[in-house]
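So the chains spell out like this:
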Amino acid sequence: MSVLFCDTNCELWFDKAKEMGLNVIKMPYTLDGKEYFYDLGEKTDFRHFYDRMRAKSMPTTAALNEYNYIEYFEPFFKEGQDIIYMTFSHQLSATFEFMDKAIQQLKQKYPERKITIFDTKAISIGAGFQVYYGAKKWNETQDLKELIGYLEHLREHTAVYFAVNDLFHLKR
């Protein structure tokens, strides 16, 4: 049996992630010197976050470390479950180098377990679109080969466009 994972960079709402049976990896960010772990809006104070951004505070992201990934994955491996993790774009973060190291450690301890990583090559709504429909497909079929083929098709047909009020945050 396999369980589905995503990370909070997919921007699905927390109740939708629960409804879809997704295990969520909370990605860290720092705002005004304080570290937070995004929870898909479950307890996030969005008013504070966006007020600080309008005041020109600069939120920054950080990578999880190997230990963080082991904490997320190992309980499922211990239970004899495999993992399917639909990630945000690997080109956008060094966090996946730490994830790979964690997986190598876990593979030594649980050689019979499998982890399938699918890189959405997107972030935010582009990743969320793929995660949402990927979870729907998985919940319908439970077929890994079919899921990966479906996700590859979605990825090839996903594009995200955005507009901004000013260039302050794009400048960096």
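> Would you mind showing me how to read the sheet that holds strand β7 (residues 115-119) here?
Pairing between the strands of a sheet is mediated by backbone hydrogen bonds and can be parallel or antiparallel. Across the sheet, 4 strands lie side by side as β2-β1-β6-β7; this open sheet has parallel pairing. Only two strands of the sheet have a single partner each, and these edge strands are β2 (22-25) and β7. Between one strand and the next, the sheet's axes are offset by a mean angle of 25°, whatever the strand orientation. Here strand β1 (residues 2-7) runs beside β2; their pairing, made up of 4 bridges, is parallel. Of the residues in β2, the one forming a bridge with C6 is V24. Taken strand by strand, helix α5 (residues 125-141) contacts β1, β2, β6 (82-87) and β7, and its axis lies near 150° from that of β6.

> How should I be thinking about the packing of α5 against helix α6 (residues 144-156) in this particular structure?
Think of two packed helices as two axes; the pair is described by the angle between the axes and how far apart they sit. It is at 10 Å that the axes of α5 and α6 come closest, and there the two elements cross at 155°. Relative to α6, the element α5 is oriented roughly antiparallel. For α5 against α6, the interelement crossing comes out right-handed. Along its contact with α5, which presents F129, Q130, Y133, G134, K137, W138 and T141, the element α6 presents L144, E146, L147, Y150, L151, L154 and R155. Here the contact of α5 with α6 is composed, by residue class, of 8 nonpolar, 3 polar and 3 charged.

> Sorry if this is basic, but what is going on with the nonpolar core here?
Within soluble globular proteins, side chains that are nonpolar tend to cluster in buried spots. Ranked by internal contacts, the top residues of the largest apolar core, which has 24 residues, are L4, C10, L22, M86, V131, L147 and L151. If you list the elements that add at least two residues to this core, you get β1, β3 (28-31), β6, α5 and α6. Excluding its chain neighbours within four sequence positions, the residues that come into contact with V131 are C6, C10, L12, L22 and M86. Residues F5, I83, F96 and L106 belong to the second largest nonpolar core, which totals 20 residues.

> Got a minute to help me understand unusual backbone geometry in this structure?
Not every positive phi belongs to a glycine, and E11 is a case in point at roughly 65°. Examined against the element boundaries, E11 turns out to sit in the loop between β1 and α1 (14-19). According to the relative accessible area criterion, E11 is partly exposed, its value standing at 39%. Unlike most non-glycine residues, D32 shows phi in positive territory, near 55°. If you trace the backbone, D32 turns up in the loop between β3 and β4 (34-37).

Parameters and conventions
- Residue indices begin from 1 for each chain and proceed along its sequence in written order.
- Given that this is a predicted model, residues contribute local features only at a pLDDT of at least 70 and side-chain atom pairs are listed and counted only at 80 or more, while totals for whole chains, interfaces and linings are drawn from all residues.
- In computing side-chain values, all of the structure's heavy atoms are included and hydrogens and water are not.
- By definition, two strands form a pair when at least two bridges between them are found by DSSP.
- Counting from the N terminus, the helices are the DSSP runs of H or I reaching at least four residues and the strands are the DSSP runs of E reaching at least two.
- What counts as an axis is a line fitted to C-alpha atoms, over the stretch in contact for a helix, and the angles between N-to-C directions run from 0 to 180 degrees.
- Any two residues having at least one pair of non-hydrogen atoms within 4.5 Å are treated as being in contact.
- For classification purposes, angles smaller than 35 degrees are called roughly parallel, those larger than 145 roughly antiparallel, those between 65 and 115 roughly perpendicular, and all remaining angles oblique.
- By convention the crossing between two helices is left-handed if the near helix lies anticlockwise of the far one by an angle smaller than a right angle, and right-handed if it lies clockwise.
- Nonpolar residues are Ala, Val, Leu, Ile, Met, Phe, Trp, Tyr, Cys and Pro. Charged residues are Asp, Glu, Lys and Arg, and all others, Gly as well, are polar.
- Among buried residues, those of type Ala, Val, Leu, Ile, Met, Phe, Trp, Tyr and Cys that are joined through side-chain atoms within 4.5 Å constitute a nonpolar core.
- The buried label goes to any residue with under 20% of its type's maximum accessible area, the exposed label to any with over 50%, and the partly exposed label to all in between, with areas taken from a 1.4 Å probe on protein chains only.

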